[in-house]
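Working through the structure, step by step
Take a look at the letters that make up each chain.
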Amino acid sequence: MKLAEHKRTDNRYCKIAVDIDGVLADVALGLSDMLSHINNRKIEVNDIKTYDLTNLGLPRSDHKQFFTRDFYSGLKPIVDSKLVNNLYEDHEITIITARSQYDGVIHDTNKWLVDNDFMFDRLIQSVDKSIPMENYGIEVIIEDYHKNCIDLSKKGIRSLLFEQPWNKSIKLNESETKYITRVNNWEDVLSYFVHKNE
């Protein structure tokens, strides 16, 4: 998509990266449903306290068999996540995802974003999110995986750590909090960018 010229000249303009799972897509709810099915008992969203799902019944074998086209296409948008469209009006939005579970996952991801009316400038697949961030001069990422935020902080890259059950108990040290800001929801995200230059 071609960037609107007004974005480049606005003094509020910022290059922003946005993760999908856990930030735009409610992967926690999807995981809760999947794990409940596997275990034949209800697994609540708040039970998912880590990225290692083996303790909740996901077989350690090939996880790819569970993260299928049906799983991703069935995810619902996170509450208020369409507020990213407000950011799109003034900023450059790059969606970066580590999804790579099957051939065509990026095509399906793009379709999910469009079908759910998300507005963005580009979609990139990269496990190491620092690479596209550096290549495109992106200033900040909205991300739910604390390890990504910590790795980026070591390179001087800012991130908004979007609250999910798996990152609530993570303690950040002083050097990490210099680059990592916790946000509870999309209202917090918008507030961050409104007050960023004050």
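The structure this text deals with has already been given above.
Presented here is a report on the structure given in the accompanying data block.

1. Some points on the pairing of strand β4 (residues 140-143)
- By the alternation rule, side chains of β4 split into V140 and I142 and I141 and E143, which are all buried.
- Two elements, strand β1 (residues 15-18) and β4, share three bridges in a ladder whose sense is parallel. The residue of β4 that forms the bridge with A17 is I141.
- Pairing of β4 with strand β5 (residues 158-162), which is carried by four bridges, proceeds in the parallel orientation. From the neighbouring strand, V140 faces β5, where its bridge partner is R158.
- Traced from β4 through helix α7 (residues 146-153) to β5, the parallel crossover comes out right-handed.

2. Quick look at unusual backbone geometry
- The backbone of D80 sits at a positive phi, close to 65 degrees, despite the residue not being glycine.
- Note on placement: D80 falls in the loop between α3 (69-73) and α4 (84-90).
- At D117, a residue that is not glycine, the phi angle is positive and equals roughly 65 degrees.
- Checked against the element boundaries, D117 lands in the loop between α5 (105-115) and β3 (122-125).

3. Section: α5
- For α5, the complete set of buried residues consists of V105, D108, T109, W112 and L113. An end-on view of α5 places all buried positions within 140 degrees of arc, on one side of the element.
- Looking at the buried positions of α5, the neighbouring elements they touch are α3, β2 (92-97) and β3.
- Phi turns positive, to about 65 degrees, at D117, one or two residues after α5.

Definitions and cut-offs
- Residues numbered from 1 in each chain as written.
- Predicted model: local features only at pLDDT ≥ 70, side-chain atom pairs only at ≥ 80, totals over all residues.
- Heavy atoms only, no water.
- Buried < 20%, exposed > 50% of the residue type's maximum accessible area, 1.4 Å probe, protein only.
- Helix = DSSP H or I, 4+ residues; strand = E, 2+ residues; numbered from the N terminus.
- Pairing = 2+ DSSP bridges.
- Right-handed = clockwise from strand over helix to strand, strands pointing away.
- Arc of directions from axis to C-beta.
- Contact = heavy atoms within 4.5 Å.

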